[in-house]
Amino acid sequence: MRLRFNGTGSGGGSCPAVHEIVGTNDVVVHGPRLTDPSALAQLQHIDDDEIPIVVPRNTLIDFGPKERDTAPRILDPKEFSRMFENFQHSAWHLEMRTRYAVDEATDTYRQFVRGEKPAWDMDSPWARTISAKTRGGAYVGRVRIVDDPPTEGQRYLLAHAEHNADLGEDVRNMWRADAERVHLPDEDFWIFDSHIVALCLWGDNDDLTGAELISEPARVNQYNRLRDIALHYATPYREFVAQMNAMQ
């Protein structure tokens, strides 16, 4: 690892200071360690091996790298799954696809295809994670787009919504024609805590291959606006199913 000294805001030439790790997109900052217990208690997303330090705002402005890393940040499926453990107050999903390979690999999907009522597992890792979040006051929601007529995978998800609701999720649906009318994009994404977007990436067999992490504020705001549009026009799933059955 090779460091390049960018500068320091201290007139004495010591800390706090900013260095760049040459050849990477990472920087190193050093300064006085934060020790006040009341301040430490307010920190969010800090791991046990991390040390909080205090750096003047102008030091970061003057000596932090000015070029933004434009390369997409891709999470593999395992890294992506950890985001559901780490979000604090909200997680929301726009589901645009006609099928999800991960669903078709489950026992409940096979039960559904046979015409049986699926036996939902309330003790799966997903169920334990999401129910713990919602019991703790976090919001988890999704808007699912449905074709006319619905695909088999979409009909399964209409049934699966009962399981989502039992976990404390807010599940709504919208016809694809309505989604197109209000200009929702053909993208499948999650928004975590209103400031991080995970744009889902898919393989040829509709299997999840990873997610592109988006944190640039202007882009995140665009996705937050899309979430608000989808929530406004979507219908709670029970009402949607009743309307769909009445049309048949």
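Residues numbered from 1 in each chain as written. Predicted model: local features only at pLDDT ≥ 70, side-chain atom pairs only at ≥ 80, totals over all residues. Heavy atoms only, no water.

Peer 1: Give me empty space enclosed by the protein: which residues, what numbers.
Peer 2: Overall, the coordinates contain 1 cavity of 30 Å³ or more when judged by the stated rule. Empty space within the largest cavity amounts to approximately 50 Å³. Surrounding the largest cavity, Glu95, Arg97, Tyr100, Arg144, Ile145, Val146, Gln154, Leu157, Leu158 and Asn173 form its lining. Among the secondary structure elements, those contributing two or more residues to the lining of the largest cavity are strand 6 (139-146) and helix 7 (152-166). The residue makeup of the lining of the largest cavity, split by class, is 5 nonpolar, 2 polar and 3 charged. (1 Å grid on protein atoms, 1.4 Å probe; cavity = no way out; pocket = protein on both sides within 12 Å on 5 of 7 lines; lining within 4 Å. Points joined across faces, edges and corners; volume = space filled by probe spheres on them. Helix = DSSP H or I, 4+ residues; strand = E, 2+ residues; numbered from the N terminus. Nonpolar A, V, L, I, M, F, W, Y, C, P; charged D, E, K, R; others polar.)

Peer 1: Explain the pairing of strand 3 (residues 27-30) to me, and be specific about the residues and the numbers.
Peer 2: Summarising the sheet, strand 2 (residues 17-21) and strand 3 pair through 4 bridges and their orientation is antiparallel. Its bridge partner lying in strand 3, His19 is registered against Val28. Where strand 2 folds back on strand 3, the antiparallel hairpin that results is connected by 5 residues, among which Gly23 adopts a positive phi of roughly 85°. (Pairing = 2+ DSSP bridges.)

Peer 1: Describe the packing of aromatic side chains, with residues and values.
Peer 2: Within the structure shown, the criterion is met by 14 aromatic pairs. A centroid spacing of 4.8 Å and a plane angle of 45° characterise the contact between Trp175 and Phe240, whose relative ring orientation is tilted. Linking Trp175 in strand 7 (residues 170-175) with Phe240 in helix 10 (residues 237-247), this pair joins segments that are 65 residues apart in sequence. For the pair shown, Trp175 and Phe240 are each scored as buried. (Phe/Tyr/Trp six-rings, centres within 6.5 Å; stacked < 30°, edge-to-face > 60°. Buried < 20%, exposed > 50% of the residue type's maximum accessible area, 1.4 Å probe, protein only.)

Peer 1: Please provide a residue-by-residue account of the packing of helix 3 (residues 77-86) against helix 6 (residues 125-135), values included.
Peer 2: Axis separation between helix 3 and helix 6 bottoms out at 9 Å; the angle between their running directions is 35°. Two secondary-structure elements touch here, helix 3 through Phe84, Glu85 and Asn86 and helix 6 through Trp126, Thr129 and Lys133. Considering only residue class, the contact of helix 3 with helix 6 consists of 2 nonpolar, 2 polar and 2 charged. (Axes fitted to C-alpha atoms, helices over the stretch in contact; angles between N-to-C directions. Contact = heavy atoms within 4.5 Å.)

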